[in-house]
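# Summary of the model geometry
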Amino acid sequence: MITRKESEPGDDLFGRKIARQRREGTLDHAGLVSLAFLLLTAGHETTANMISLGVVGLLSHPEQLALIKADPGRTPMAVEEPLRYFSITDTVSSRLATDDAEIAGVSIKADEGVIVSGLSANWEPAVFENPAEPNEPSTHEEAS
Ligand code: HEM
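A brief structural summary. Everything numeric here is computed off the predicted structure, so don't read it as measured data. Numbering of residues starts from 1 in each chain and follows the order in which that chain's sequence is written. In keeping with the model being predicted, local features are shown solely for residues with a pLDDT of at least 70 and side-chain atom pairs are shown and tallied solely at 80 or more, while totals for entire chains, interfaces and linings include all residues. Hydrogens and water are ignored here; the side-chain numbers use all heavy atoms of the structure.

### Examining the site of the ligand
- Residues are labelled near a given molecule or strand when at least one of their non-hydrogen atoms is within 4 Å of it. Neighbouring the ligand are Leu38, Leu39, Ala42, Gly43, Thr46, Thr47, Met50, Leu83, Thr89, Val92, Ser93 and Arg95.
- By the criterion applied in these results, polar contacts are pairs of N or O atoms within 3.5 Å in which, for protein atoms, one can donate a hydrogen and the other can accept it, and in which residues neighboring in sequence qualify only through two side-chain atoms. Between the ligand and Ala42, the relevant distance is 3.2 Å, taken from a nitrogen atom to a main-chain nitrogen or oxygen of the residue.
- Here Arg95 contributes a side-chain N or O atom positioned 2.6 Å from an oxygen atom of the ligand.
- Secondary structure elements are defined from DSSP: runs of H or I of at least 4 residues count as helices, runs of E of at least 2 residues count as strands, and each element is numbered from the N terminus. Considering every element that reaches the shell around the ligand, the biggest residue donor is helix H3 (residues 29-60), with seven residues.
- Residues belonging to the shell around the ligand are distributed by class as follows: six nonpolar, five polar and one charged. For this classification, Asp, Glu, Lys and Arg are treated as charged, while Ala, Val, Leu, Ile, Met, Phe, Trp, Tyr, Cys and Pro are nonpolar and the rest, including Gly, are polar.

### Section: the layout of surface pockets
- Put simply, the largest pocket is a space of about 290 Å³.
- Points on a 1 Å grid, built from protein atoms alone, make a cavity when a 1.4 Å probe fits but cannot get out and make a pocket when they are open with protein on both sides within 12 Å along at least 5 of 7 lines; residues with an atom within 4 Å of a point are the lining residues. If you go around the largest pocket, you meet 20 residues; those closest to its centre are Leu58, Gln64, Glu81, Pro82 and Pro134.
- Elements supplying a minimum of two residues to the lining of the largest pocket: H3, helix H4 (62-70) and helix H5 (75-86).
- Looking at the lining of the largest pocket element by element, the count peaks at six residues for H5. Grid points are joined across faces, edges and corners, and a volume is the space filled by probe spheres set on the points.

### Looking at the packing of helix H2 (residues 13-24) against H3
- Here an angle of 0 to 180 degrees is reported between the N-to-C directions of two axes, which are lines fitted to C-alpha atoms, with helices fitted over the stretch in contact. At a closest axis distance of 12 Å, the pairing of H2 and H3 adopts a crossing angle of 160°. The orientation of H2 with respect to H3, classified from their angle, is roughly antiparallel. Every pair of crossing elements has a handedness; the one defined by H2 and H3 is right-handed. Residues Leu13, Phe14, Lys17, Ile18 and Gln21 of H2 lie in contact with H3, whose contacting residues are Leu32, Leu35, Ala36 and Leu39. What sets the label is the angle itself: under 35 degrees gives roughly parallel, over 145 gives roughly antiparallel, 65 to 115 gives roughly perpendicular, and the rest give oblique. The handedness criterion is simple: a crossing whose near helix is rotated anticlockwise from the far helix by less than a right angle is left-handed, and one whose near helix is rotated clockwise is right-handed. Whether two residues are in contact is decided by their heavy atoms, any of which lying within 4.5 Å being enough.

### Description of a negative patch on the surface
- Put simply, a patch holds well-exposed residues, over 30% relative accessible area, that have no salt bridge, with like charges counted together within 9 Å and Val, Leu, Ile, Met, Phe, Trp or Tyr side chains within 5 Å. Only the protein chains shown count as covering a residue, and every accessible area follows the Shrake-Rupley method with a 1.4 Å probe. For this analysis, a salt bridge means a side-chain nitrogen from Lys or Arg found within 4 Å of a carboxyl oxygen belonging to Asp or Glu. When charges are tallied, Lys and Arg are placed among the positive residues and Asp and Glu among the negative ones, while His and the ends of the chain are skipped. All charge positions are set by atom: Lys at NZ, Arg at CZ, Asp at CG, Glu at CD. Together, Asp99, Asp100, Asp111 and Glu112 make up a negatively charged patch on the protein surface.
- Tracing the chain through its elements places Asp111 in the loop between strand S3 (106-108) and strand S4 (113-115).
- Each residue gets one of three labels from its accessible area relative to the maximum for its type: buried under 20%, exposed over 50%, partly exposed in between, using a 1.4 Å probe on protein chains only. Look at Asp111 and you get exposed, because its relative accessible area is 64%.

### Regarding the environment of Glu124
- Structurally, the position occupied by Glu124 is in the loop between helix H6 (118-122) and helix H7 (137-143).
- Each C-alpha atom, one on Glu124 and one on Thr47, is 24 Å from the other, the two residues being 77 residues apart in sequence.

### Notes on the nonpolar core
- By convention a nonpolar core is built from buried Ala, Val, Leu, Ile, Met, Phe, Trp, Tyr and Cys residues, the set being connected through side-chain atoms within 4.5 Å. Membership of the largest hydrophobic core is limited to five residues, which are Ile2, Phe14, Ile18, Leu32 and Ala36.
- Going through the elements one at a time, H2 and H3 are the ones with two or more residues in this core.
- Those residues within four positions of Ile18 in sequence are excluded, and the remaining contacts are Ile2, Lys5, Glu6, Pro9, Leu27 and Leu32.

This is the structure we're talking about:
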C-alpha cells in the first residue's frame, strides 16, 4: 500500500505524509510501513473489534442497553465496561523490571521480564465480585 501511495499519493493521511516528506527530503519508506502497520493493528483492529464486541455485549445484555437508554449519563460505562469485559488487548503488555519489586506477594527481580495479563486483572474476583457479570461504575472507580 505504501509503495502504491508513493507513486500515487492521494489526499489522505499517507498521501499527505508522503507529499510532506518529499517536500522536506525526508521520505522514509520503512518508517511509513511501520506507521501503517501500527495504525492497522493498534489503531484499527482494536477499535473496529471493540465496537463490534460492544454491540454484541449490549445485545446479549438487553437489560444493560435499557439502562443506558433510560439514562444516557451511563454512556461512558458502555465504553468502559466492554473494555474490561472483553479485554481485547490482553497479550500486549510486557515490561522489563528496572528494580526489585514486590506486587501482590509476587517477587520480581531487576532485569526480569514481566508479562501482564489485562484479562486477569480485569476479571480479578478480589476487585470485581462477579467479573462475568456487567459491573456498575462504582466498582470501576474502586478498581482504579
Ligand atoms: C479500543 C481501542 C484500543 C484499545 C483497547 C487499545 C489498547 C491499548 C493498550 C492496552 C495499550 C498499552 C500496551 C502496553 O502498555 O503495553 C496500547 C498502547 C498503544 N496504542 Fe492502543 N488501544 C486502542 C486504540 C488505539 C488507537 C486508535 C491507536 C492509534 C490510532 C492506538 C495506538 C496505540 C499506541 C501507539 C500504543 C503504544 C503506546 C506506547 O508507546 O506505549 N491504540 N493500546
